[in-house]
Amino acid sequence: MPRLNVATCTRPDFEAATMMGNMALSHAVDYLRGRGFFVDDLSGDSAIRERVLASLATNDPVFFLGVGHGNASTFTGQNYDKIFWTCNCKELNGRVVYLLSCITGAELGPDMVENKGAWCYIGYKEPFSWVQVKLQDPLADDYGRSFFEPVLELIYRLAEGRTTREAFNASIERWNYWIDYWSRSDDPNAPMIVMLLIHNRDIQVLFGDESASVATPVPPLWWLLSAGFATVPMIAVGSVIT
């Protein structure tokens, strides 16, 4: 049975799009590790099918996430190395899958869930698009962060133990935040950015179990208190802004 709090991430970096996707998902890797996950981070030349299958077999992660070029039936890694394709993704049985990849939500995602036993798939049924000023970490780019914050929002919420539906909805809320932000902007590129943000929001899809979770739930505060874990006095600090 796949192990909670364990993830495999694949991050190719062989051309501009995958380089930026690689940098964006580095934040996801850091956040997962900060939440106590073991993450096998297959970056650059390690983002190939052979290494992915070995990681899945060795670590048995409940969560597989990755960035890479794709089409309706195929997800690829470094230098377009085919990692998963329809009728050849049985290794994802019992796992939650998130793919930052064009069009894999059209055929590959449903096939993973319906025919290969994946617990849940989240991805995109049409091309994922974004605007960026420089070849840099998207979160450091005035335009790029608008497109990658919703991606990371989804992964962060999963890392916190939220269900796939809750994480999906949190991502949609972040898409809406940036749509609203750019809708009110006088930047000359704002109309194009809004159009692409709406596009990405509307092509994000979820298949499988909407109650799936990849992390051990954090016990509520009352349980920690009753169990005797909170033995140090707690001080609440607040502020009022007028």
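Residues numbered from 1 in each chain as written. Predicted model: local features only at pLDDT ≥ 70, side-chain atom pairs only at ≥ 80, totals over all residues. Heavy atoms only, no water.

K.L.:
Looking at this structure, I do not really get the pairing of strand 5 (residues 82–85). What am I missing?
P.N.:
In regular strands, side chains alternate between the two faces of the sheet. As paired elements, strand 4 (residues 74–76) and strand 5 share three bridges and run antiparallel to each other. When the sheet's bridge partners are listed, F75 is paired in strand 5 with F84. The antiparallel pairing of strand 4 with strand 5 creates a hairpin that spans five residues between the two strands, and N79 there sits at a positive phi of about 55°. (Pairing = 2+ DSSP bridges. Helix = DSSP H or I, 4+ residues; strand = E, 2+ residues; numbered from the N terminus.)

K.L.:
I would appreciate a short explanation of unusual backbone geometry in the present structure.
P.N.:
Leaving glycine out, the prevailing phi sign among residues is negative, and the prevailing peptide bond configuration is trans. The phi torsion at N5 lies on the positive side, around 65°, for a residue other than glycine. Mapped onto the fold, N5 is located in strand 1 (residues 3–11). A relative accessible area of 18% means that N5 is categorised as buried. At I103, a residue that is not glycine, the phi angle is positive and equals roughly 70°. (Buried < 20%, exposed > 50% of the residue type's maximum accessible area, 1.4 Å probe, protein only.)

K.L.:
So what exactly am I meant to see when it comes to helix 6 (residues 190–203) here?
P.N.:
Residues three or four positions apart in an α-helix share a direction because the helix packs 3.6 residues into each turn. The end-to-end C-alpha distance of helix 6, which contains 14 residues, comes to 20 Å, matching closely the 20 Å that a straight helix rising 1.5 Å per residue would cover. The complete set of buried residues in helix 6 reads A190, I193, V194, L196, L197, N200 and I203. As for helix 6, its buried residues are in contact with strand 7 (120–124), helix 4 (144–159), helix 5 (164–183) and strand 8 (204–208). (Expected span 1.5 Å × (residues − 1). Contact = heavy atoms within 4.5 Å.)

K.L.:
I keep staring at the sheet that holds strand 8 and nothing clicks. Help me out?
P.N.:
Through backbone hydrogen bonds, the strands of a sheet pair up, either in parallel or in antiparallel fashion. What the six strands build is an open sheet, ordered 2-1-3-6-7-8; its pairing is mixed. Two strands bound the open sheet, and with one partner strand each, they are strand 2 (38–43) and strand 8. This sheet shows a mean twist of 15° between the axes of neighbouring strands, independent of strand direction. With five bridges joining them, strand 1 and strand 3 (residues 61–67) adopt parallel strand pairing. Paired with R3 across the strands is P61, a residue of strand 3. (Axes fitted to C-alpha atoms, helices over the stretch in contact; angles between N-to-C directions.)

K.L.:
I tried to follow the confidence of the model for the chain on my own but got confused; where do I start?
P.N.:
The predicted coordinates ought not to be read in detail in places where the model reports low pLDDT. On average, residues of the chain carry a pLDDT of 91, and 90% of them reach 70 or more. For the stretch residues 220–242, pLDDT sits under 50, and the model shows five contacts to residues farther than four places along the chain or on other chains. (pLDDT = per-residue confidence, 0-100.)

K.L.:
What exactly am I supposed to notice about the nonpolar core here?
P.N.:
Nonpolar side chains tend to gather and get buried jointly when the protein is soluble and globular. Among the nonpolar cores identified, the biggest contains 48 residues, and L32, F63, L65, Y98 and I155 are the most heavily contacted of them. For this core, the elements supplying multiple residues, two or more each, are strand 1, helix 1 (16–34), strand 3, strand 6 (96–100), strand 7, helix 4, helix 5 and helix 6. Considering every element that reaches this core, the biggest residue donor is helix 4, with nine residues. Among all residues touching L65, those that are not within four sequence positions of it are A7, T8, C9, T10, A28, L32, Y98 and I155. (Core = buried A, V, L, I, M, F, W, Y, C linked by side-chain atoms within 4.5 Å.)

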